[in-house]
Amino acid sequence: MRAKTTGFTGIIPTREAPWRAMFLRGERVAQITETGLVWEGPLTDIHQGALRLPEPYASCTEAALDLHVPYTSTRMVFIAGERCLDWEWGVGQKFEGLVTDLPGFGSHLPAEYRSDVDVVMQVAGTPWKTLLVKGDRCALLVWGRGVEYEGLLTGRGEAGWKLLPAHMRGDFDDALMLYAGGNNRTVFIKGDQAMDFHWIDGPTKIGTWAQVLPGLGALPPAYRTPRLPAAGRFSGTADGERIDLRIDLTGALPVISGDTFDVADGAYVNSFVLQGGQAVTLPATVSGTATFAHPTQMPKISVQVDKLAPGGTAVLTRSTADETGSITTYTCTYVSRFLRTIDWEVDAMAGTKPAAQYATTTHPRPTGLAKKIITVQSAFAEAGIELRTAGTVVNEIGVQGAGADLMWSNAELHAAMESNFSGHRDTEQWKLWSFIATRHVDNDGTLGIMFDREGSPRQGMAMFCTDLEQTQMAGTRGELHTWVHEIGHALNLVHSWDKNLAEPRQPLGPRDGYGDLSWMNYEHKYQGPNGEKGEAAFWAGFLYQFTDNELRHLRHGFYRNVVMGGLGLEIGVGGAYRVPLKEFTLPPAGRSGLRLELYGRDTFSHGEPVVTEIKLSLDGTTGQADAFPSLSPRGEHLTILVTDPAGAIRPFRPIARGCGSRHRHITLDAATPALYDSAYIGYGADGLTFPTPGTYRLRALCKAPDGSTVTSPEHTIQISPPHNEQDRQAGDLLIGSQQGTLLALLGSDAPQLSDGNAALDQLIATHPDHPLAVYALMVKGTNAGRHFQTLGKNGIAVRPADTATSIEQLGAVVETTLDPGTEAGVDNITLNETMRRLARAHARAHDLKQADAVLDQMVETFREKHVPPPVLATIAEQAETTRTQLHDQA
């Protein structure tokens, strides 16, 4: 069910004479007649204990159906989240399980009505019929037979539906059947309004609850008090501009915010936020000087609002600072109880499961947490954000050659988003795509990935069911937390411990952010105020909500700071638009016992991919220290700051970053004194990192398991202009958003990147001996050496690995890099990875002898480079692990 704003959660209308209806509110129930209240108390006490239900239905029922069985028994179906209970009075449970498994009902339920339904009510007649209403559409389901009607409410066959007024054609909070007068008679509830409706004759009365049905008006106040934020969204136009106005009365002081757009072309114009100076009671006026995203000559704001409900009106007046200049007045009508609405499109592989739901009755509850069903949608609804879905589309998989594990690379996920997100546009819009996959190819425990590409970032994310299952999080509160966390990133919220790296910087919460009881913290990283740590401590205090600062961002952040396709992750969080840092304050030195370094090449030619090498080692103060195993900026522990020639400081942001890994730390000691990695940082979510020649400074920040931040010294690199025309031509073929994306993803079959692939092919063909050709060969050879999964409407198609091309191109990369007569080639860590990919390509070509030879050559190569003994031991171990895998697969 969609999150309701009403104080009650569900209605059970009965068919007994005289007519009565039970309104559920947690563990309590109020029963009314058409004219008044007849009973209120614990659900377990009504009707001589006939409704002593098991949890979560005893306190979390969201809808109920009266299965009328004349002269025999009373049966009702109680719905709580995705599960339901078929209960016969005086007998007990007849069925409990998923709604989709309910006999006679579940198998006929259309996919688009399996989530976010507004109304579920039983219709008079035999056989049993259920009407489901979602938005302005409905489905009439005949039990045991199928769907009799699906479409617009106004398109139903009965004449009354065509008479629905515009403001009462959907988006209802609830409805109750009256089963009177020979025709189906329904009372629909929407905000503080109700409508008495005859299916044949149409609406007979619209007004307040008490005006339409006196019994409704007699409900106790708690059943009539809205449970969601006391907020509303309004819209109006004036002087060629449209405004989306948000009025929020949830806190001690009112907050007014809004975004303006050009009426002619819909282009975004400006955003503002105004904090009221005193508490208000509606109707009210809130005035003051607002903060705007862009400078304006009219910063003074005054808003008059009568109510936050359908039929409400808000009049906004803008004026100059001295109130002597021009005045613009917007008369805005009520749009929604939600401050923002997002169209959420979800695709899923067959066999995977939709987003988890959690009943808070499952575990002991922290003080202040109510008994309820929490879904991804309800978590955001309580923050004032509506996630509006059209159901889950499952893409069936019937493929060969994809591998039994069906792992997904970043390149495949990126291509899947751009090809299958029906709402995808290279622009700002309130649309989000989610893909439920099996697992990530890195096999590093990544639970989710958020895509953050240049131009229109934060539009897509993926979840990995296999890894959730292996961490025993599938179907639990942990999985729900991961879903909400990743969508929080899509709305430009950063990790609790990274807020000081956002632009502009934000203050960290308790314990450097690790003390936040927020969706954006990690359960296993939590540090409580009294020394308690970890998951148990987190769940003992977590109220399933965002922090106050996070809520302010979600509800009132400037348009481009929040909207998908707006500013990139970590930019604009907290208020102002992107303002690069001019200085960076080093975090205090910790006692982690770790040293962080960036090293490698310090001069790069025009167009050359910039790669930095990363080393995390013992700092000499102790014989051992704990560290997280991942040193990639695509993960969650390491950030690289880039200072450009003008002195502006920005964090490098990859186009896709993993999240949620629950891999524990490792211990560095004499046997393993250091960790190494390399990172391509030439292109990310902000585009080219080094767009002009000059001197750039790099600094890395790495989180340690004790919560401290390890900071590297600055590593200076020089980007050189082209030395000659050939350098310019070759470098230009590697510069561009598509080429940068291909370098970051190590190749892709995505048709959206065809121009970039063509440029790499041209570089190889026209400049085969140029030092930059090796990078094109590495990207093309890596992509050729792996199968590529393409997600489409009819399932998943697989392009098998082209081993011959991969062997040729990766072999050329290795040969060029090892040639003592040239300075061309890749760095040591990339060479290691390339040689292992080459060995895999030989194994796919059924040449294990040559695969073994490449692995032997890899170990010998680094032996001759005189790498430290522990590093050589790691390389030898990597070679043997790869060798074993290839022989086992063969």
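The next subject is the environment of P310. By the element assignment, P310 lies in the loop between β23 (300-305) and β24 (313-319). Residue P310 is classed as buried on the basis of its relative accessible area of 13%. The sequence separation of P310 and R156 amounts to 154 residues, and the corresponding C-alpha distance is 24 Å. Leave out the neighbours within four places in its chain, and P310 touches K190, G191, D192, Q193 and Y334.

As a further point, take the confidence of the model for the protein. Residues at a pLDDT of 70 or more form 91% of the protein, whose mean pLDDT is 87. Contacts for the low-pLDDT stretch residues 393-402, under 50 throughout, to residues beyond four places or in other chains number 31 contacts. Counting contacts from residues 572-579, a segment whose pLDDT is below 50, to residues more than four positions away or on other chains yields 34 contacts.

Another aspect to go through is the sheet that holds strand β3 (residues 28-32). Across the sheet, four strands lie side by side as β1-β2-β3-β4; this open sheet has antiparallel pairing. The open sheet is flanked by β1 (10-13) and β4 (37-42), the only strands paired with a single partner. In this sheet, adjacent strand axes meet at a mean angle of 20° when their direction is disregarded. Here β3 pairs with β4 via five bridges, running antiparallel.

Across the interface, helix α17 (residues 828-844) lies against helix α18 (residues 848-864) with an axial gap of 7 Å and an inter-helix angle of 165°. In terms of axis orientation, α17 runs roughly antiparallel to α18. Once α17 is placed against α18, the crossing between them reads as left-handed. Mapping the contact onto sequence places N828, L831, N832, M835, R836, L838, A839, H842 and A843 in α17 and L848, Q850, A851, V854, L855, Q857, M858, T861 and F862 in α18.

It is worth spelling out unusual backbone geometry at this point. Of the consecutive residues E55 and P56, the connecting peptide bond is found in the cis state with omega at 5°. Mapping P56 onto the fold places it in the loop between β4 and α1 (57-60). Residue H47 is not a glycine yet carries a positive backbone phi of 55°. Along the chain, H47 falls in the loop between β4 and α1.

With respect to the helices and strands, the residue T260 is situated in strand β19 (residues 255-262). On the basis of relative accessibility, which here comes to 4%, the residue T260 falls in the buried class. Between the C-alpha atom of T260 and that of F272, which follows or precedes it by twelve residues, the distance is 8.9 Å. Residue contacts for T260: discarding those within four places in its chain leaves E241, R242, I243, A267, Y268, V269, N270 and Y330.

What counts and what doesn't
- Residues numbered from 1 in each chain as written.
- Predicted model: local features only at pLDDT ≥ 70, side-chain atom pairs only at ≥ 80, totals over all residues.
- Heavy atoms only, no water.
- Helix = DSSP H or I, 4+ residues; strand = E, 2+ residues; numbered from the N terminus.
- Buried < 20%, exposed > 50% of the residue type's maximum accessible area, 1.4 Å probe, protein only.
- Contact = heavy atoms within 4.5 Å.
- pLDDT = per-residue confidence, 0-100.
- Pairing = 2+ DSSP bridges.
- Axes fitted to C-alpha atoms, helices over the stretch in contact; angles between N-to-C directions.
- Parallel < 35°, antiparallel > 145°, perpendicular 65-115°, else oblique.
- Left-handed = near helix turned anticlockwise from the far one by under 90°.

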